[in-house]
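So the chains spell out like this:
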Amino acid sequence: MSYTIPIGPYHPALEEPYKIEITCEGEQVRDANLHIGFNFRGIEWLARQRNYVQNIALFERVCGICSNVHTLTYCMAVERLAEIDVPPRARYIRVVVAELERLHSHILWAGIAAHIMGFQTLFMTCFSLRELVMDLLEEISGNRVNYAMNCFGGVNRDIQDVANIMAGVQKFRLRLENQLIPIFTTDPTVRARCSGVGVMTKEQAIAWGALGPTARASGLTQDIRKAVPYAAYDQLEFDIPYKTSGDVLARIIVRVLEMVESCRIIEHALNTMPSGGWKGFVFLDVPPGEAVARVEAPRGEVFYYLASDGSDKPLRVKVRTPSFCNMPTVRLMLQGASLADVPLVQASIDPCYSCTDR
Amino acid sequence: MNMKAILSLLQTDQQFIQRTDGCWLEDPDLDVERMTVCMVEMGARLVTISAMPAADGETRLVYHWDIEGNLINLGTLTREGVIPSIAPNCPAADWIEREVKDYFAVDFSGRENLAPLVLRKGDHPGLFHWNGQLLEEKP
């Protein structure tokens, strides 16, 4: 006999609202139905009521974790339409902040995953490391979240103390390589809890449009930083980690390895950052037309579509976040899973409901 | 990427315009079901569908596809507010179409579940057409 368990909108795994109805046969999940929209703020509609500059602050608030990525993608779409060049130093600063944000996002997620696994010491280790990253972001931008770094044609702040940022990143990398990677890749608790759980095949990932580390854990290799380089990524050396097993463990390992690559990118960027201008524009005229921009956020590709009629307000801004694409795949991962694995599986895609609902 | 081959598969008289942000094609009569079958066979990933109001109460839809990093943007129009669903051939379109309905009240024919996604059950679809009116004031 099957039965349905409604979980949410407030639920045990993550502190954001969404609802999932789970149909079970005994302890085995047969199907799952996801409901979103509890964080819906109508941001795309609001964007039509504000001018281009005001919208930077609006899009910074699409997500509390990857706020920088949203302003970056929006600015890139506007810059493309207005045919504005970004100074080389500003491109490097954009990369450094974007990669620090990726570190922040991945280490936050790793801590939450450890918490859901019941591995509390690992949770504490991750969150102490997160503080290190947030201190670096605060030193660069003045803020721990919502960094307000991007503007049209440049950035709002320079990186002044390069040596200190470099030392902080190297310290993070050392603890990452010596502490976290061995635990996440070899600890029997992690393996027992995550190996073979919540599997998504490569074919499913393609059909459902999965993105980012979720897709790369299922054998897909696309990363917008390599496929369509932006900012200064074409000048920097890094690899794209991927796995083929498609389970929760693969998603963990891909993100942990991505953190190492982010450290490499930041170190390379800081070592080779050119001198010169970095400031952008406060005001600009955006001609009529349309443009799109894509950025590799911590959770996958962020996509912005922008249409302009030549006025000071955009005609339309479409915001497609990676969680919007990844969340429907939870249904596939849960079919056949154990009921006790539901919180871990749904957390394994690193969902952001704020992003998804907008 | 062979754009001529794509045009041939799409059976359209229009031409692609190459820009820095991908290839763009506009065809008000685009057969979106044919487009989807072609794109899926070529291994394309549906990035999203961008919608915006068009003349005569119709909605312009731009289907964004990614083929190995190349972006293909195919624009078309609804016909009397309706357009065939591509979700049966492309599961990634499931939530995207439901959200477009929430925002622009577009009906996607040929699919079973077109329930509200970000709006609540019973809400009137077409948020962009309400123009910010309160729930009880909307049409």
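For the structure, check the block above.
What comes next concerns the included structure. (Residues numbered from 1 in each chain as written. Chains lettered and ligands numbered in written order. Predicted model: local features only at pLDDT ≥ 70, side-chain atom pairs only at ≥ 80, totals over all residues. Heavy atoms only, no water.)

Focus: the sheet that holds strand S6 (residues 289-297) of chain A
Sheet strands pair via backbone hydrogen bonds, and the direction of the pair is either parallel or antiparallel.
All names here are of chain A.
Item 1. Spatial ordering of the open sheet is given by S6-S7-S8, a layout of three strands whose pairing is antiparallel. The sheet terminates laterally at S6 and strand S8 (316-320), the two strands that pair on one side only. For this sheet, the mean inter-axis angle between neighbouring strands, taken without regard to orientation, is 10 degrees.
Item 2. Sheet topology note: the S6/strand S7 (residues 300-308) ladder contains nine bridges and is antiparallel. Directly across from Gly 289, in S7, lies its bridge partner Ser 308.
Item 3. Of the strands in this sheet, S6, S7 and S8 are in contact with helix H3 (residues 67-82), which crosses S6 at around 150 degrees. (Pairing = 2+ DSSP bridges. Helix = DSSP H or I, 4+ residues; strand = E, 2+ residues; numbered from the N terminus. Axes fitted to C-alpha atoms, helices over the stretch in contact; angles between N-to-C directions. Contact = heavy atoms within 4.5 Å.)

Brief notes about the packing of H3 of chain A against helix H4 (residues 88-117) of chain A
All names here are of chain A.
Item 1. Packing of H3 against H4 leaves a shortest axis separation of 9 Å and a crossing angle of 145 degrees. Here H3 runs over H4; the crossing is left-handed. Here Ser 67, Asn 68, Val 69, Leu 72, Cys 75, Met 76 and Glu 79 of H3 come into contact with H4, specifically with Arg 94, Val 97, Ala 98 and Glu 101. (Left-handed = near helix turned anticlockwise from the far one by under 90°.)

A closer look at the environment of Leu 284 of chain A
Residue and element names in this part refer to chain A.
Item 1. Tracing the backbone shows Leu 284 in the loop between helix H11 (248-272) and S6.
Item 2. Along the chain, Leu 284 and Val 78 lie 206 residues apart, while their C-alpha atoms are 9.6 Å from each other.
Item 3. Leu 284 has contacts with Val 78, Ala 82, Ile 84 and Phe 152, leaving out every residue within four places of it along the chain.

Description of the packing of aromatic side chains
Item 1. Scanning the model with the defined rule gives 14 aromatic pairs over all chains in all.
Item 2. For the ring pair Tyr 230 of chain A and Tyr 233 of chain A, a centre distance of 5.0 Å and an interplane angle of 65 degrees mean the geometry is edge-to-face.
Item 3. Judged by centre distance (4.7 Å) and plane angle (25 degrees), the ring pair of Phe 104 of chain B and Phe 128 of chain B falls under stacked. Taken together, the residues Phe 104 of chain B in helix H3 (residues 93-104) and Phe 128 of chain B in helix H4 (residues 127-130) connect sequence positions 24 residues apart.
Item 4. Relative accessible area serves as the criterion here: at 3%, Phe 104 of chain B is assigned to the buried category.
Item 5. By relative accessible area, Phe 128 of chain B is classed as buried at 4%.
Item 6. Of the aromatic side chains, those joined through ring pairs into one cluster are Phe 40 of chain A together with Tyr 103, Phe 104 and Phe 128 of chain B.
Item 7. In this arrangement the basic side chain of Arg 19 of chain B is found over the ring face of Trp 24 of chain B, its NZ or CZ atom lying 4.2 Å from the centre.
Item 8. Sitting above the plane of the Phe 38 of chain A ring, Arg 120 of chain B keeps its charged end 4.7 Å from the centroid. (Phe/Tyr/Trp six-rings, centres within 6.5 Å; stacked < 30°, edge-to-face > 60°. Buried < 20%, exposed > 50% of the residue type's maximum accessible area, 1.4 Å probe, protein only. Lys NZ or Arg CZ within 6 Å of the ring centre and 35° of its normal.)

Some thoughts on the interface of chain B and chain A
Item 1. Contact with chain B, which involves 34 residues of that partner, is made by 34 residues of chain A.
Item 2. When the buried surface of chain B facing chain A is broken down by residue, Arg 45, Trp 95 and Phe 128 of chain B rank first, second and third, together holding 23% of it.
Item 3. Scanning the region where chain B abuts chain A turns up five salt bridges.
Item 4. Linking Glu 99 of chain B and Lys 318 of chain A is a salt bridge whose minimum nitrogen-to-oxygen distance equals 2.8 Å.
Item 5. For the pair chain B and chain A, the interface holds 16 residue pairs in polar contact (both at pLDDT 80 or more).
Item 6. Breaking the side of chain B that touches chain A down by element, the ones donating at least two residues are strand S3 (45-53), strand S4 (59-67), strand S5 (70-77), H3 and H4 of chain B. (Buried area = accessible area lost by both parts, 1.4 Å probe. Salt bridge = Lys/Arg side-chain N within 4 Å of Asp/Glu carboxyl O. Polar contact = N/O pair within 3.5 Å; in protein donor to acceptor, adjacent residues only side chain to side chain.)

Observations regarding the layout of surface pockets
Item 1. What the largest pocket holds in volume is close to 550 Å³.
Item 2. What lines the largest pocket is a set of 27 residues, among which Met 76, Arg 80, Pro 229 and Tyr 230 of chain A together with Thr 20 of chain B lie closest to the centre.
Item 3. For the lining of the largest pocket, the elements supplying multiple residues, two or more each, are H3, H4 and S6 of chain A together with strand S1 (17-19), strand S2 (22-26) and S5 of chain B.
Item 4. For the lining of the largest pocket, the element with the highest residue contribution is H3 of chain A, accounting for four residues.
Item 5. Looking at the lining of the largest pocket, its residues break down into 13 nonpolar, five polar and nine charged.
Item 6. Quantified by volume, the second largest pocket comes out at close to 380 Å³.
Item 7. If you go around the second largest pocket, you meet 23 residues; those closest to its centre are Leu 220 and Gln 222 of chain A together with Gly 43, Arg 45 and Asp 66 of chain B. (1 Å grid on protein atoms, 1.4 Å probe; cavity = no way out; pocket = protein on both sides within 12 Å on 5 of 7 lines; lining within 4 Å. Points joined across faces, edges and corners; volume = space filled by probe spheres on them. Nonpolar A, V, L, I, M, F, W, Y, C, P; charged D, E, K, R; others polar.)

Topic: the packing of H4 of chain A against helix H5 (residues 120-141) of chain A
All names here are of chain A.
Item 1. Packing of H4 against H5 leaves a shortest axis separation of 8 Å and a crossing angle of 160 degrees. With respect to each other, H4 and H5 are oriented roughly antiparallel. With respect to the hand of their crossing, H4 and H5 are arranged in left-handed fashion.
Item 2. When grouped by side-chain class, the residues that make up the contact of H4 with H5 number 19 nonpolar, four polar and two charged. (Parallel < 35°, antiparallel > 145°, perpendicular 65-115°, else oblique.)

Details of unusual backbone geometry
Residues and elements named next belong to chain A.
Item 1. Backbone geometry at Glu 83 places phi at a positive 55 degrees, although glycine is not the residue there.
Item 2. In this structure, Glu 83 sits in the loop between H3 and H4.
Item 3. Classification of Glu 83 by relative accessible area gives exposed; the value is 72%.
Item 4. Despite not being glycine, Asp 350 has its phi angle at roughly 55 degrees, a positive value.
Item 5. Looking at the element boundaries, Asp 350 is found in the loop between helix H14 (342-348) and helix H15 (353-357).

Some details on H4 of chain A
Residues and elements named next belong to chain A.
Item 1. Between the first and last C-alpha of H4 there are 43 Å, a value that for 30 residues agrees with the 44 Å anticipated at 1.5 Å per step.
Item 2. With 26 of 30 residues buried, H4 lies mostly within the body of the structure.
Item 3. Looking one or two places after H4, you find Gly 118, whose phi comes out positive at around 90 degrees. (Expected span 1.5 Å × (residues − 1).)

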